[in-house]
Amino acid sequence: MKKTLACLLAVMMLFSALSVAASAEGACDCGHAPIIFVDGFNASDLIQDEGTDSERVVFPFPGDAIPNMLKDNVATVWDLLDTRFDAATEQTVADAVKGLLHGTEMNDDGTPLYNVTVDWRYPTDPAHSDGRYFKFNFDWRLDPFFNAEGLKDFIAYVKELTGHDTVHLIGFSQGATVLNTYLSQYGYEGLATVIWYCGAHNGTALVGSLFSGGLRMDAASATGYVQNATEDTFLFNTLSALLQGLTDIGITGGVMDLVNKSLEKFYADGVMKDIFLSTFGKMPGVWALVPYEDYEAAKRFVFGEGEEAAPYAALIEKLDRYHNEVAANSDAILQAAQEQVGKIGVIAKYNVRMMPVVDVADTQSDSLIDTYHASCGATVADFGQTLGDGYVQKIDDGHDHLSADGIVDASTALFPDFTWFIKNAVHETYIPYNDALLHHICDSDRQPDVFEDEAFPQFTYYSPAAGTTAPLTKDTDERPDLKPIERIMAFFRRIVTFWKKLFRKLFVVE
Ligand SMILES: [Zn+2]
Ligand SMILES: [Zn+2]
């Protein structure tokens, strides 16, 4: 037995020696280390029983799933609007939500219930000197420690495939939780650059709030969110203008009040808890998106305390491990990367409405990740506000770190000189500047800062209407390029406002 093991070890050592020799032989001298892009949530479909007759995509659910669900439950929707619904109606809703996510369920210990895999393969094309990304996709439900191990293997594979002994590493969105877990477990060797791009490694206020009972709708943010999420087509523009009109005259708010009343009852009756514990509440990967400061409250909300939480002990142990080893040390992990790798970058976006489903809907964000967390501590005004006229930069380090629009003070960020901000850019929306900035940092032969290149200043302005970017300065013309339908709606809104004011003057004693 021992002999077999020794033989096996010898063979393995021979092979690993050969593979090292092979990669040294194939060493590439192009001067461009490959870029590994650790992608975010839902970058690849989740497939159940892949390769069998029963193979099916379990996430994302098809676009018609929600309309169909509503159609099948018209009576329930009606009951909900009436807000006098009973336990049976609540059960119908809970079952419908769970049905949407069927296939993604987890066991009580945070491992997958079904045989689900990610629709993604290792790339085989070694070309890299053009700066293309080698994307690392992962099952977003799983423990970041598991995914970090997958990332370690992938980095080794890309090094061998391309003949380089270093890689640039970018963590995008949820990918930053995997990136930080990787750094905490496997260190900083063999990395040429580390970038946190709209990174959720410090969690996001959105998930923190959802996991601590903050689900609630708000008319202004719902309208704003729909408007920045919709496409530039006549239909969408008309719908979005119509929604704005409904909001202006208070109808959206009325509907939201009804929804919120239902939600309150759902919370009070424990339906929300039931939904959580059948879906996202048992996914360690999603738990990693809860900010450090919200974690304990979120645990109490989802699992309860004492005996009630006992069935989830194994899961909670996993969550605590991420929380204590990675989330609690986030700043230290980034600082060590800066010191040991020598080249890092933090990129955050702002001035986009947060998804409207939380009590933090006014938080400054890129729609999903709030700017405070993505920038590792910049001081930011709430959405639609500024830091104030007389605002003075909090930390005087001899640089100007206050954005010309008065919304962001980068001086309190972990790396004020290595943190870039893009205004008006939605979290996942592609704009060429995103890539240009990522390549600028990767291509630099030493730590670049936000002052040395005019093309990549601390604050960049993105015009969604024109699709262009430019440095944000006091002279930036921020009037949006209105689409024709919006011009018409703006005109009507002005007329309505005028009549409302006149009406108040004539008939209402103030
Ligand atoms: Zn090369
Ligand atoms: Zn500075």
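Residues numbered from 1 in each chain as written. Chains lettered and ligands numbered in written order. Predicted model: local features only at pLDDT ≥ 70, side-chain atom pairs only at ≥ 80, totals over all residues.

**Student:** Hey, could you run me through the sheet that holds strand β4 (residues 116-118) in this one?
**Tutor:** The strands making up a sheet are joined through hydrogen bonds of the backbone, oriented either antiparallel or parallel. Overall, antiparallel pairing links the three strands, which are arranged β3-β2-β4 in an open sheet. Edge positions in the sheet fall to β3 (56-59) and β4, since each of these pairs with one other strand and no more. Each adjacent strand pair in this sheet contributes to an overall mean axis angle of 40°, direction not counted. In the sheet, strand β2 (residues 46-48) pairs with β4 via three bridges, with the strands oriented antiparallel. Bridge pairing in β4 places Gln-48 opposite Val-116. (Pairing = 2+ DSSP bridges. Helix = DSSP H or I, 4+ residues; strand = E, 2+ residues; numbered from the N terminus. Axes fitted to C-alpha atoms, helices over the stretch in contact; angles between N-to-C directions.)

**Student:** What is the right way to look at the pairing of strand β7 (residues 191-197) in this model?
**Tutor:** Looking down a regular strand, the side chains alternate between one sheet face and the other. Most of β7 sits out of view: six of its seven residues are buried. In the sheet, strand β6 (residues 167-172) pairs with β7 via six bridges, with the strands oriented parallel. In the sheet register, Leu-169 faces β7, and the bridge partner there is Val-194. At this point the chain moves from β6, through helix α6 (residues 175-186), to the parallel β7, and the crossover so formed is right-handed. By the bridge criterion, four bridges tie β7 to strand β8 (residues 344-350) in an arrangement that is parallel. Paired with Ile-195 across the two strands is Gly-345, which belongs to β8. (Buried ≥ 20, exposed ≤ 12 C-beta atoms within 10 Å, placed from the backbone. Right-handed = clockwise from strand over helix to strand, strands pointing away.)

**Student:** I'm lost on unusual backbone geometry in this one. Help?
**Tutor:** Leaving glycine out, the prevailing phi sign among residues is negative, and the prevailing peptide bond configuration is trans. In this structure, the amide linkage connecting Phe-59 to the following residue, Pro-60, adopts the cis form with an omega of 0°. Looking at where Pro-60 falls in the secondary structure, it is placed in the loop between β3 and α2 (65-72). Its identity as a non-glycine residue notwithstanding, Ser-173 has a phi of 55°, on the positive side. Locating Ser-173 in the fold gives a position in the loop between β6 and α6. Overall, Ser-173 belongs to the buried group, with 27 C-beta atoms counted inside 10 Å.

**Student:** Where do I start with the sheet that holds strand β12 (residues 459-463) in this structure?
**Tutor:** In spatial order, the strands read β5-β1-β6-β7-β8-β11-β12-β13; together these eight strands make up an open sheet with mixed pairing. The two strands at the open ends of the sheet, each matched to only one other strand, are β5 (133-136) and β13 (468-471). On average, each strand axis in the sheet is tilted by 20° relative to the strand beside it, whichever way the strands run. Relative to the sheet, α6 contacts β1 (35-38), β6 and β7, its axis offset from that of β6 by approximately 135°. (Contact = placed C-beta atoms within 7 Å.)

**Student:** Help me understand the environment of Arg-141 in this model?
**Tutor:** Relative to the helices and strands, Arg-141 resides in the loop between β5 and α5 (144-162). Residues Arg-141 and Phe-61, 80 residues apart in the sequence, show an inter-C-alpha distance of 15 Å. Those residues in contact with Arg-141, other than ones at most four positions away along the chain, are Thr-104, Met-106, Pro-112, Met-283, Gly-285 and Val-286.

**Student:** Help me understand the pairing of β5 in this model?
**Tutor:** Burial along β5 is one-sided: Phe-134 and Phe-136 are buried, and none of Tyr-133 and Lys-135, which face the opposite way, are. Across four bridges, the pairing between β1 and β5 is parallel. If you follow Val-38 over to β5, its bridge partner there is Phe-136.

**Student:** So what exactly am I meant to see when it comes to α5 here?
**Tutor:** Because the α-helix completes a turn every 3.6 residues, residues three or four places apart line up on one side. With 19 residues, α5 should reach 27 Å at 1.5 Å per residue; the first-to-last C-alpha distance of 26 Å fits that figure. Listed as buried for α5 are Pro-144, Asn-147, Ala-148, Leu-151, Phe-154, Ile-155, Val-158, Leu-161 and Thr-162. One side of α5 holds all its buried residues, which, seen down the axis, span an arc of 135°. At its buried positions, α5 is contacted by β1, β5, β6, α6, α12 (284-287) and α14 (313-325). Once α5 finishes, Gly-163 follows within two positions and takes phi at roughly 75°, a positive value. (Expected span 1.5 Å × (residues − 1). Arc of directions from axis to C-beta.)

**Student:** Could you clarify how one ought to interpret the packing of helix α4 (residues 87-100) against helix α11 (residues 271-278) in this entry?
**Tutor:** Where α4 meets α11, the closest approach of the two axes is 10 Å, and the angle between their N-to-C directions is 20°. Classed by the angle they form, the pair α4 and α11 counts as roughly parallel. Seen from above, α4 lies across α11 with right-handed handedness. Every residue of α11 that contacts α4 at Glu-90, Ala-94, Val-97 and Lys-98 is listed here: Val-271, Asp-274, Ile-275 and Ser-278. For the contact of α4 with α11, a count of residues per class yields four nonpolar, one polar and three charged. (Parallel < 35°, antiparallel > 145°, perpendicular 65-115°, else oblique. Left-handed = near helix turned anticlockwise from the far one by under 90°. Nonpolar A, V, L, I, M, F, W, Y, C, P; charged D, E, K, R; others polar.)

**Student:** For this particular structure, what's the right way to read helix α17 (residues 432-443)?
**Tutor:** In a regular helix each residue adds 1.5 Å, so twelve residues correspond to 16 Å; α17 covers 16 Å between its end C-alpha atoms and thus fits that length. Of the residues making up α17, those classed as buried are Asn-434, Leu-437, Leu-438, Ile-441 and Cys-442. Across the axial projection of α17, the buried residues extend over an arc of 135°, all falling on one side. Facing away from the buried side of α17 by more than 90 degrees, the exposed set consists of Pro-432 and Asp-435.

**Student:** Looking at this structure, I do not really get the confidence of the model for the protein. What am I missing?
**Tutor:** Predicted coordinates in regions of low pLDDT should not be interpreted in detail. In the predicted model, the protein carries a mean pLDDT of 88, and 90% of its residues have values of at least 70. Every residue in residues 14-25 scores below 50 in pLDDT, and together they form two contacts with partners more than four places removed in sequence or on other chains. (pLDDT = per-residue confidence, 0-100.)

**Student:** Would you take a moment to explain the nonpolar core for this structure?
**Tutor:** The tendency in soluble globular proteins is for nonpolar side chains to be buried side by side. If you look at the biggest cluster of nonpolar residues, it comprises 100 residues, and the most contacted ones within it are Ile-36, Val-38, Ile-170 and Ile-195. Per element, the largest residue contribution to this core is six residues, and it comes from α5. Setting aside residues up to four positions removed in sequence, Ile-170 forms contacts with Ile-35, Ile-36, Phe-37, Val-38, Ile-195, Tyr-197 and Leu-438. (Core = buried A, V, L, I, M, F, W, Y, C linked by C-beta atoms within 7 Å.)

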